[in-house]
Amino acid sequence: MTYTRRLMEQAAGTALPGWDIVQMVTQVRQFRKGEEVFAAGEWKPFVYVVSTGIVKLTYLDIDGVEWIKSFIGPGDFFACPNVLVSGQPTDYFAAAVDECVLEQVDYATIKELCEQFPPWQKAIRQLLEQHIVRKEQRERELLTMTPEDRYLSFLKTYPNMAEQLQLRDIARYLGVTPEALSRIRKRLRV
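Residues numbered from 1 in each chain as written. Predicted model: local features only at pLDDT ≥ 70, side-chain atom pairs only at ≥ 80, totals over all residues. Heavy atoms only, no water.

- Where an unreviewed UniProt entry is consulted, the protein chain appears under the name Crp/Fnr family transcriptional regulator, with the organism given as Undibacterium umbellatum.

Here it is, written out as structure tokens:
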């Protein structure tokens, strides 16, 4: 639970009470390369914090083609808002890009701690604000940038991951084919 605690307390700007309760509802889970953390249509009311490895969050289109919405690396978190907010099943997939260790925390417990302790509310608010800013950036990139500019933004946003990810996954994140990404890289000499 080290990564979860570090993430939450850094967001709160202070030590948080109730870690004994959180520890009881946290599982440390290991995933092999390519293994699903969850699939679309499942109900997984958890917050996941990545200890090691990289997780990709993906949608499948009607033809079964994978489109990557984001990559989550060590020290960062992910959860499915459909599940946590509206109680609906997940609408995307989460899968390990490489061997991963995740801390899986029951969200109901976090909500209870938020109701009892204002510092927990601050932590969640800060993390949600960071998430909103990232999602707005991603939306802006997809709607207003050329594929080449999206690739440059990817390199800036994910400098440590760029070397670890397969080109086909980067292409799926950018919304281009692997061949188009190869041409972009050749033009940029990256």
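## A few points about the layout of surface pockets
- Considered as a void within the structure, the largest pocket measures approximately 790 Å³ in volume.
- Every residue lining the largest pocket is counted, 38 residues in all, and those nearest its centre are I72, D76, F77, H131 and R134.
- Looking at the lining of the largest pocket, the elements with two or more residues in it are α1 (2-12), β4 (55-60), β5 (66-72), β6 (77-78), α3 (81-86), α4 (107-116) and α5 (118-144).
- Top element by residues in the lining of the largest pocket is α5. It accounts for 9 residues.
- Across the lining of the largest pocket, the residue classes break down as 25 nonpolar, 6 polar and 7 charged. (1 Å grid on protein atoms, 1.4 Å probe; cavity = no way out; pocket = protein on both sides within 12 Å on 5 of 7 lines; lining within 4 Å. Points joined across faces, edges and corners; volume = space filled by probe spheres on them. Helix = DSSP H or I, 4+ residues; strand = E, 2+ residues; numbered from the N terminus. Nonpolar A, V, L, I, M, F, W, Y, C, P; charged D, E, K, R; others polar.)

## What about the pairing of β5?
- In terms of burial, β5 is a largely internal element, 6 of the 7 residues being buried.
- Pairing geometry for β4 and β5, over 6 bridges, is antiparallel. When the sheet's bridge partners are listed, Y59 is paired in β5 with W67. (Buried < 20%, exposed > 50% of the residue type's maximum accessible area, 1.4 Å probe, protein only. Pairing = 2+ DSSP bridges.)

## Topic: the nonpolar core
- Counting residues in hydrophobic clusters, the biggest one holds 38 residues, and the most contacted among them are V55, F78, L102, I110 and W120.
- Here this core gets 5 residues from one element, more than from any other, and that element is strand β3 (residues 46-52).
- Within the second largest apolar cluster, 18 residues are counted, among which are I54, Y158, A171 and Y173. (Core = buried A, V, L, I, M, F, W, Y, C linked by side-chain atoms within 4.5 Å.)

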